[in-house]
Amino acid sequence: MRLQNKTALITGGSRGVGRAAAERFIAEGAKVYITDVVADRGQATAAEIGATFIQQNVAEEADWQKVVAQLEADGANLNILVNNAAILQYGNIDMESLEGWRRLMSVNSDGVFLAIKYMLPLLEKAGGGSIINMSSSSALMGVPDFCAYTASKSAVRGLTMSTAVLCKQRANKVRCNSVHPDGINTDMMREVSGQAKADPDQYKNSAPFICQAEDVANVIFFLASDDSRHVNGIALSVDNTSTIHPPYL
Ligand SMILES: NC(=O)c1ccc[n+]([C@@H]2O[C@H](COP(=O)([O-])OP(=O)(O)OC[C@H]3O[C@@H](n4cnc5c(N)ncnc54)[C@H](O)[C@@H]3O)[C@@H](O)[C@H]2O)c1
């Protein structure tokens, strides 16, 4: 029960890694809020695992104001923020449209910016805490077939470092780290395989090395817990060497 008396908020928590992290946090004694843009699945997941659901599009500023209002109304002391919600889109620079680029950036990049902007004051008010940003191995190496996604996850990495240093300067006891998995066996990966069917050879060239959602949730849990209290600003790879030696090379 290493998260007893802690409150966590996990975006995109209705399935995949977000759900696995929520389940782990609850097993460790935390009170957990999950948010998601998909309301029925979010409500069902929350009921199944014992979390509280807030419907939210992370790209909408008004939705973050709604989250703040609910946490304040509940008298919640926020200790842990997991910026997990994201979308994945197949397309290299020739294939990607400006519209597609902006749609992806609004969720994956603006969403994390808004989360930290609105949640950091709550974490500070609670006396400190941990921000965990889901990035990707793609932020640490070049992935041509997912150009917008790769750029968005690099933005997350940059914002992670900026936030970590700000928190150190403020001595506010908030830490901020990013997690960089390669392929995870979730619906996101299955859905993008469908998108890439039109171009199977290219997709094969960037075929990921797959781990399970729980493998990533375990790492998120470490960064959320006080065991990582001196870990701030790192990029934590969860990829069984893929970043240092891509499996397709
Ligand atoms: N699956 C992988 O192979 C992989 C690899 C590296 C990094 N990641 C990252 O890990 C995190 C979790 O991925 P996953 O595989 O569990 O994905 P997933 O698609 O299974 O789950 C993502 C969740 O986010 C929600 N979501 C999407 N857009 C949203 C929005 N605008 N507002 C609120 N919620 C929204 C979805 O409804 C979904 O429930 C993501 O940040 C992803 O980029 C995934």
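All figures in this text were calculated on a predicted structure; none of them were measured in a lab.

Criteria and thresholds
Residues numbered from 1 in each chain as written. Predicted model: local features only at pLDDT ≥ 70, side-chain atom pairs only at ≥ 80, totals over all residues. Heavy atoms only, no water. Near = heavy atom within 4 Å. Polar contact = N/O pair within 3.5 Å; in protein donor to acceptor, adjacent residues only side chain to side chain. Areas by Shrake-Rupley, 256 points an atom, 1.4 Å probe, with all protein chains shown as cover. Helix = DSSP H or I, 4+ residues; strand = E, 2+ residues; numbered from the N terminus. Nonpolar A, V, L, I, M, F, W, Y, C, P; charged D, E, K, R; others polar. Axes fitted to C-alpha atoms, helices over the stretch in contact; angles between N-to-C directions. Parallel < 35°, antiparallel > 145°, perpendicular 65-115°, else oblique. Left-handed = near helix turned anticlockwise from the far one by under 90°. Contact = heavy atoms within 4.5 Å. 1 Å grid on protein atoms, 1.4 Å probe; cavity = no way out; pocket = protein on both sides within 12 Å on 5 of 7 lines; lining within 4 Å. Points joined across faces, edges and corners; volume = space filled by probe spheres on them. Salt bridge = Lys/Arg side-chain N within 4 Å of Asp/Glu carboxyl O. Buried < 20%, exposed > 50% of the residue type's maximum accessible area, 1.4 Å probe, protein only. Core = buried A, V, L, I, M, F, W, Y, C linked by side-chain atoms within 4.5 Å. Phe/Tyr/Trp six-rings, centres within 6.5 Å; stacked < 30°, edge-to-face > 60°. Lys NZ or Arg CZ within 6 Å of the ring centre and 35° of its normal. pLDDT = per-residue confidence, 0-100.

1. Quick look at the site of the ligand
Then, in step 1: Taken together, 29 residues lie around the ligand, and Asp36, Tyr149, Asp182, Ile184 and Thr186 are the ones closest in.
Then, in step 2: Between the ligand and the protein, one listed contact pairs an oxygen atom with a side-chain N or O atom of arginine 41 at 3.0 Å.
Then, in step 3: For the ligand, an oxygen atom lies 2.7 Å from a polar atom in the backbone of isoleucine 184.
Then, in step 4: Burial of the ligand by the protein chains amounts to 95% of its free accessible area of 830 Å².
Then, in step 5: Elements represented by at least two residues in the shell around the ligand include exactly α1 (16–27), α5 (147–170), β7 (183–184) and α6 (187–195).
Then, in step 6: The residue inventory of the shell around the ligand, partitioned by class, reads 14 nonpolar, ten polar and five charged.

2. Examining the packing of helix α3 (residues 61–73) against helix α4 (residues 98–125)
When two helices pack together, their arrangement is given by the angle between their axes and by how far apart the axes lie.
Then, in step 1: Close contact between α3 and α4 brings their axes to 10 Å; oriented N to C, the two are set at 25 degrees. Viewed along their axes, α3 and α4 adopt a mutual orientation that is roughly parallel. The hand of the α3/α4 crossing is right-handed. Contacts from Glu61, Trp64, Gln65, Val67, Val68 and Leu71 of α3 reach α4 at Gly111, Leu114, Ala115, Tyr118, Met119 and Leu122.
Then, in step 2: A breakdown of the residues in the contact of α3 with α4 according to their chemical character gives nine nonpolar, two polar and one charged.

3. Examining empty space enclosed by the protein
Then, in step 1: By the definition in use, this model includes one cavity of 30 Å³ or more.
Then, in step 2: Taken as a whole, the largest cavity holds about 30 Å³ of empty space.
Then, in step 3: No other element matches the three residues that α4 contributes to the lining of the largest cavity.
Then, in step 4: Here the lining of the largest cavity is composed, by residue class, of four nonpolar, three polar and no charged.

4. Looking at the pattern of salt bridges
Then, in step 1: All told, the structure shown has nine salt bridges when counted by the stated rule.
Then, in step 2: Across the pair arginine 24 and glutamate 28 runs a salt bridge whose closest N-O atoms are separated by 3.0 Å.
Then, in step 3: For the salt bridge of arginine 170 with glutamate 124, the shortest nitrogen-to-oxygen distance reads 2.9 Å. Remark: glutamate 124 occurs in helix α4 and arginine 170 occurs in helix α5; sequence separation between them is 46 residues.
Then, in step 4: Judged by its relative accessible area of 47%, arginine 170 is partly exposed.

5. Some thoughts on the packing of α1 against helix α8 (residues 213–224)
Then, in step 1: Between α1 and α8, the least distance of the axes is 8 Å, while the angle of their chain directions is 55 degrees. It follows that α1 is oblique to α8 by the angle criterion. The crossing of α1 and α8 is right-handed. In this structure, α1 uses Gly16, Val17, Ala20, Ala21, Arg24 and Phe25 to contact α8, whose residues at the interface are Ala213, Glu214, Val216, Ala217, Asn218, Ile220, Phe221 and Ala224.
Then, in step 2: Looking at the contact of α1 with α8 residue by residue, the classes come out as ten nonpolar, two polar and two charged.

6. Some remarks on the nonpolar core
Then, in step 1: Among the nonpolar cores identified, the biggest contains 33 residues, and Phe25, Val32, Val216 and Ile220 are the most heavily contacted of them.
Then, in step 2: Only β1 (7–11), α1, β2 (31–36), α2 (39–49), β4 (80–83), β5 (129–134), α8 and β9 (235–238) provide two or more residues apiece to this core.

7. Some points on the packing of aromatic side chains
Then, in step 1: Counting across every chain of the model gives one aromatic pair.
Then, in step 2: Ring geometry for tyrosine 90 and phenylalanine 146: centres 5.5 Å apart, planes at 75 degrees, overall edge-to-face. Residue tyrosine 90 is found in the loop between β4 and α4, and its partner phenylalanine 146 is found in the loop between β5 and α5; the two are separated by 56 residues along the sequence. Neither tyrosine 90 nor phenylalanine 146 differs from the other in exposure class; each is buried.
Then, in step 3: Positioned over the ring face of phenylalanine 221 is arginine 24, at 4.0 Å from the centre of the ring.
Then, in step 4: Geometry around tyrosine 33 places lysine 31 over its ring, the cationic atom sitting 4.7 Å from the centre.

8. Comments concerning the confidence of the model for the protein
Then, in step 1: For the protein, mean pLDDT is 93; residues scoring 70 or higher make up 92% of the total.
Then, in step 2: The low-confidence segment residues 202–208 (pLDDT under 50) makes 20 contacts with residues lying over four places distant or belonging to another chain.

9. Details of the layout of surface pockets
Then, in step 1: The volume enclosed by the second largest pocket comes to roughly 380 Å³.
Then, in step 2: Lining the second largest pocket are 21 residues, and of these Gly129, Lys173, Val174, Arg175 and Arg229 lie nearest its centre.
Then, in step 3: Breaking the lining of the second largest pocket down by element, the ones donating at least two residues are β5, α5 and β6 (174–181).
Then, in step 4: Its residues assigned to classes, the lining of the second largest pocket comprises six nonpolar, nine polar and six charged.

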